[in-house]
Amino acid sequence: RKRLQSLAVENEGEGEKEGISIVSTHLCDQLRKELSFSLTRSQDQALEEILTDMAGPVPMLRLLQGDVGCGKTVVAALALLAAVGAGHQGALMAPTEVLANQHYKTLSDLLREMGPDAPKCEIITGNTKQKELKLIYEKIESGEISIVVGTTSLINENVKFKSLGLAVVDEQHRFGVNQRAKLLSKGGEPPHMLTMSATPIPRTLAMTKFGEMALSVIEEKPAGRLPIWTKVLDPPEHEVAFEAIQEETQRGGQAYVILRYVSDKDTEKNQTKGAEEEFERLKLKLPNVKFGLLHGQLSSEEKQTALDLFAVGETQCLVATSVVEVGVDVPNASLIVIDASGGGGSGGFGLAALHQLRGRVGRGSRQSRCFLLNTPNPDEDREERARDRLAVLEKTNDGFRVAESDLQLRGAGDLWGSKQSGNSVELFHASLATDLYLLESARKAAAELVAESEVDANESKSLPAPVLIALEKRAVVDVSLEAKF
């Protein structure tokens, strides 16, 4: 994080240097007029916060957090257009080719609404042909391409921007600090950075672990979205889920069947099934349903073909691994069956991952359902804990409530290390699980203390980004660092 902050304030070896101030929003406003829907209140607020940051001299470092399907990509697209409208370029980096392709399609569809003079958008992945890459590189460097979407191919040394104004990183927790910093270094002047996460983070953890970032939260989903009905099924009831696949596809809907492993050979102690074997079994069990198969070991072409066939409705039920966790948007899909056997009652999937997978449905007007197939654990204590976790998904569709419940059930883990569960975080009095109000009050008090202090911002570049921003906005200058401390 320190490296990200230093890149946001200084350009390599060039001393102190202000970032890019983006105040023009005419392209952003143009797209909003063309949209067939209105932004939600949360989207409006998040966009306002982002544009306010981008208008200032300090490079933005903001985390945009929102539940599955809440419309983060539209907000990011509008921010990218603000950068383009001010004469700069934008980049959107995603961790997987599937997600990058989905973002490219979404952005292309949005830009198409603006007519033939819309900014040009292009995509770069590891499977882009070399002949095409050379031409794309040239157009990026000349500024002809305004917005570039890609995987880590974006940080290739051959990618040179004419003027990078905004870097957007989706699923930011899947990238290392060095990768994000390398993307920022592509700008001649320090660009603004917007990171996004669809994996709900409890607000207490967000305020501590990501304290150096400003935080925007989209709390609502677009109008017309119905809650997803969720049910945990034990072995005697598993057949209910497969009968539902037959019924749903006959009514014109589509379905997913999700498994953790590609093959039975990969499973642990035969507690769960593999996608390849389940694909073959279901084809025999439900011969009237057209099945497709998708997993990470397929080639890029095979993955894209499987997704395309499902998107156009030729495939009625897609048997897949968690490769579909993010980046797959098929509004007609209205049923998902997830094998949550083994792995402590979640099929090896974390509670947040199960919520993400559930979010593959419920994106259209159809009432959607989710079945979680559970196989009871012979260890009664483990089974009770597993049941408590799965019951959270039965009770709520709110990703933030899921995350808070997960925090209480399994602990916070290490804030600064790699451990992601357990009660290893020791605070003298406060509890990360219950003292949200205390953390919010402490953060507000700290901000007020900074605002009232006489710290010289020009002598304090090692401070966290939000503190630097607070200092930049004050009118106090020419006072030494020791003045009040």
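Focus on the overall build of the protein chain
Point 1. If you tally the helices and strands in the protein chain, you get 16 helices and 13 strands.
Point 2. Counting the 485 residues in the protein chain, one finds 53% classified as buried.
Point 3. Contacts in the protein chain between residues at least 24 apart in sequence constitute 75% of all its contacts with a sequence separation of at least 6.
Point 4. Carbon and sulfur atoms make up 49% of the accessible area of the protein chain, which totals about 22,700 Å².

With respect to the side chain of Q89
Point 1. Here Q89 is to be found in strand β2 (residues 89–93).
Point 2. Reaching out from Q89, the side chain makes a polar contact with the backbone nitrogen of K162 at a distance of 2.8 Å.
Point 3. Here Q89 is in contact with A83, I140, G143, I145, S146, F161, K162, S163, L164, G165 and L166, once residues within four sequence places are set aside.

Comments concerning the sheet that holds strand β11 (residues 317–320)
Point 1. One open sheet accounts for six strands, arranged β8-β13-β12-β9-β11-β10; its pairing is parallel. Looking at strand neighbours, the two that pair on one side only are β8 (229–233) and β10 (291–294), the edges of this open sheet. On average, each strand axis in the sheet is inclined to that of its neighbour by 15 degrees, with strand direction left out of account.
Point 2. As judged from the four bridges shared by β10 and β11, these two strands associate in the parallel manner. Counted as the bridge partner of L293 is V319 from β11.
Point 3. The sheet contacts of helix α9 (residues 238–250) involve β8, β9 (254–258), β11, β12 (333–339) and β13 (369–373), and relative to β13 the element is tilted by about 150 degrees.
Point 4. Together, β9, β10, β11 and β12 form the strand contacts of helix α11 (residues 300–311), whose direction differs from that of β10 by roughly 145 degrees.

Focus: the environment of S36
Point 1. Within the secondary structure layout, S36 lies in the loop between α2 (26–34) and α3 (41–55).
Point 2. With 77 residues separating them in the primary sequence, S36 and E113 have C-alpha atoms 9.4 Å apart.

Quick word on the pattern of salt bridges
When charged atoms on two side chains of opposite charge get close, those side chains can pair.
Point 1. Counted according to the given criterion, the structure contains 16 salt bridges.
Point 2. Notably, a salt bridge pairs E248 with R366, separated by 3.4 Å at the nearest N-O pair. One end of the pair, E248, is in helix α9; the other, R366, is in the loop between α12 (351–358) and β13, with 118 residues separating them in the sequence.
Point 3. A residue is classified by how much of its surface remains accessible, and E248, at 3% relative accessible area, is buried.
Point 4. Here E280 ties to K283 by a salt bridge, and the two come within 3.6 Å at their closest N and O atoms. Within this pair, E280 and its partner K283 are both found in helix α10 (residues 275–285), separated by three residues, close to a single helical turn.

So, the confidence of the model for the protein chain
Point 1. Residue-level pLDDT values for the protein chain average 80, and 75% of them are 70 or greater.
Point 2. Note on residues 7–16: pLDDT is under 50 here. Beyond four places in sequence and across chains, it has 21 contacts.

Scoring rules and cut-offs
Residues numbered from 1 in each chain as written. Predicted model: local features only at pLDDT ≥ 70, side-chain atom pairs only at ≥ 80, totals over all residues. Heavy atoms only, no water. Helix = DSSP H or I, 4+ residues; strand = E, 2+ residues; numbered from the N terminus. Buried < 20%, exposed > 50% of the residue type's maximum accessible area, 1.4 Å probe, protein only. Contact = heavy atoms within 4.5 Å. Areas by Shrake-Rupley, 256 points an atom, 1.4 Å probe, with all protein chains shown as cover. Polar contact = N/O pair within 3.5 Å; in protein donor to acceptor, adjacent residues only side chain to side chain. Pairing = 2+ DSSP bridges. Axes fitted to C-alpha atoms, helices over the stretch in contact; angles between N-to-C directions. Salt bridge = Lys/Arg side-chain N within 4 Å of Asp/Glu carboxyl O. pLDDT = per-residue confidence, 0-100.

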